[in-house]
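# Structural overview for review
Chain by chain, the residues run as shown.
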Amino acid sequence: MPRLDFSRRDALRGLGAAGLLAALTGCGVPAAYVPEEQRAGADRSEREQSVVFSNWPLYIDTDDEDEESRPTLDSFSERTGIEVRYSEEINDNDEFFGKISPALMNHQETGHDLVVVSDWMAARFVHLGWAQKMDRSAQSNVSRNLDPQLRSPVFDEGRLHTVPWQSGITGIAYNRKALGREIKSVKDLWHTDLAGKVTLFSGLDESFSLLMQGNGVDVTRWTDSDYHRVCDQVEELVRKKHIRRFTGNDYTSDLSKGDVLACQAYSGDVIQLQADNPDIEFVVPEEGAELWAESLLIPNLARHKANAEALIDHYYEPETAAALAASVNYVCPVPAAREVLAGSDDKETAELAENPLIFPDDEMRKRLAVARDISTAERRTFAKRWNAIVGL
């Protein structure tokens, strides 16, 4: 199981790399946007049987007896002869963006063939023209097996430049036994019996969708007024000291210790918490919850584009997707993997097929939505207000 000591959807700190980028493009640096026809480099895939893949820590399957062995990568290399140079160097979206953006801005190689970033950061890459269009004719598994609900996010319609690595749900986690009642709605978080016992995510991109959904907003097309209404509400809750604090992934510790009774939470984390405390429940509120993904993308001028596309397609084979899902416990973007897990001889593995936090059922899916991303024009103003509220 992955540790719970960091967030794969880390909070945006100030204006971060986006602010730096805006400043540079306003000071004589060449325009950052790269047209589609200028993104590809000379592909060395045929003569160099390798691919450079950068991911987050603890976000892939490992062998029980050898933590350095990653069975799904090993099986790809054995089948194709392509060596995967795998690194766990992505610990923060903005930090990684800042690391490779100078090269991309100056139309240079980054040294990466394939990377995994959170969906809101993938949107930034796509809008800047820094992610290459994939050859779907070489990715039959992706075309056939990608979850329909994740096929066409607003930032990348048709999933031409990105493919989900894993997905998840931002909902509500709470200790039902300690609270003594059910939570069914976002509004239930604001009851007086939870005063000082609630946490929200500190990151703007992580927080806003669920809070808007609590107001009945269609988050696929939210507006400025929807955003500022949420900020007004949160400011008032802070003033009343109803919200204990704003968190990253350390909310899991607060909930486990009983310092908080309810909080914004990620579905994958709660599966792990429930293994130690069955009183902790995860709720997709009646008003809805955000379905998000962390996305694979191929940066401009990648040296081994075809090999990267083959590796992506490997993870869309149901057997491979099932092995990954069984290890990381996030929402699997390959629904067909459910049948693979259900057929396992191992009881615990087979039970994962019935877990709606890995394979959401039809009733749950009706309440899930992929939120539109925050545009570059909106981000400067929105981040300034949000960060002032949460103290970033």
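The structure presented is a predicted model; accordingly, all values stated were derived computationally and were not measured.

### Some thoughts on the nonpolar core
Core analysis: the largest hydrophobic core is formed by 96 residues, its most contacted members being Phe53, Phe125, Trp130, Trp165, Ile169 and Leu311. It is helix 4 (residues 119-128) that provides the largest number of residues to this core, a total of 7 residues. Every residue in contact with Phe53, bar those within four places of it in the chain, is listed here: Leu73, Val84, Arg85, Tyr86, Ser87, Leu114, Val116, Trp165, Leu296 and Leu311. By size, the runner-up hydrophobic cluster in this structure holds 23 residues, among which are Leu204, Val219, Val234 and Ala371.

### Topic: helix 2 (residues 71-80)
Restricting attention to buried positions, one finds in helix 2 the residues Thr72, Leu73 and Phe76. An end-on view of helix 2 places all buried positions within 100° of arc, on one side of the element. Elements in contact with the buried residues of helix 2: strand 1 (50-54), strand 2 (83-87), helix 11 (305-314) and helix 12 (318-328). The first or second residue beyond helix 2 is Gly81, which carries a positive phi of 80°.

### Structural notes on a negative patch on the surface
A cluster of like negative charges, contributed by Asp64, Glu65, Asp66, Glu67, Glu68, Asp74 and Glu78, occupies part of the molecular surface. Take Glu65: it is sitting in the loop between strand 1 and helix 2. Judged by relative accessible area, which is 78%, Glu65 ranks as exposed.

### A closer look at the confidence of the model for the chain
Low pLDDT marks stretches whose predicted atomic positions should not be read closely. Here the chain averages 92 in pLDDT, and 92% of its residues register 70 or above. Within the model, pLDDT remains below 50 along residues 1-16, and this stretch shows 68 contacts once partners closer than five positions in the same chain are excluded. Here residues 22-30 is a poorly scored stretch, pLDDT under 50, and it has 6 contacts once near neighbours within four places are set aside; other chains count.

### Things to note about the packing of helix 7 (residues 204-214) against helix 16 (residues 376-390)
Between helix 7 and helix 16, the shortest axis-to-axis distance is 11 Å and the interhelical angle comes to 85°. By the angle between their axes, helix 7 is roughly perpendicular relative to helix 16. Residues Leu204, Asp205, Ser207 and Leu211 of helix 7 form the contact with helix 16, whose participating residues are Arg379, Phe382, Ala383 and Trp386. Class assignment of the residues belonging to the contact of helix 7 with helix 16 gives a composition of 5 nonpolar, 1 polar and 2 charged.

What counts, and at which threshold
Residues numbered from 1 in each chain as written. Predicted model: local features only at pLDDT ≥ 70, side-chain atom pairs only at ≥ 80, totals over all residues. Heavy atoms only, no water. Core = buried A, V, L, I, M, F, W, Y, C linked by side-chain atoms within 4.5 Å. Buried < 20%, exposed > 50% of the residue type's maximum accessible area, 1.4 Å probe, protein only. Helix = DSSP H or I, 4+ residues; strand = E, 2+ residues; numbered from the N terminus. Contact = heavy atoms within 4.5 Å. Arc of directions from axis to C-beta. Patch = residues over 30% accessible without salt bridge, like charges linked within 9 Å, V, L, I, M, F, W, Y side chains within 5 Å. Areas by Shrake-Rupley, 256 points an atom, 1.4 Å probe, with all protein chains shown as cover. Salt bridge = Lys/Arg side-chain N within 4 Å of Asp/Glu carboxyl O. Lys, Arg positive; Asp, Glu negative; His and termini not counted. Charge placed at Lys NZ, Arg CZ, Asp CG, Glu CD. pLDDT = per-residue confidence, 0-100. Axes fitted to C-alpha atoms, helices over the stretch in contact; angles between N-to-C directions. Parallel < 35°, antiparallel > 145°, perpendicular 65-115°, else oblique. Nonpolar A, V, L, I, M, F, W, Y, C, P; charged D, E, K, R; others polar.

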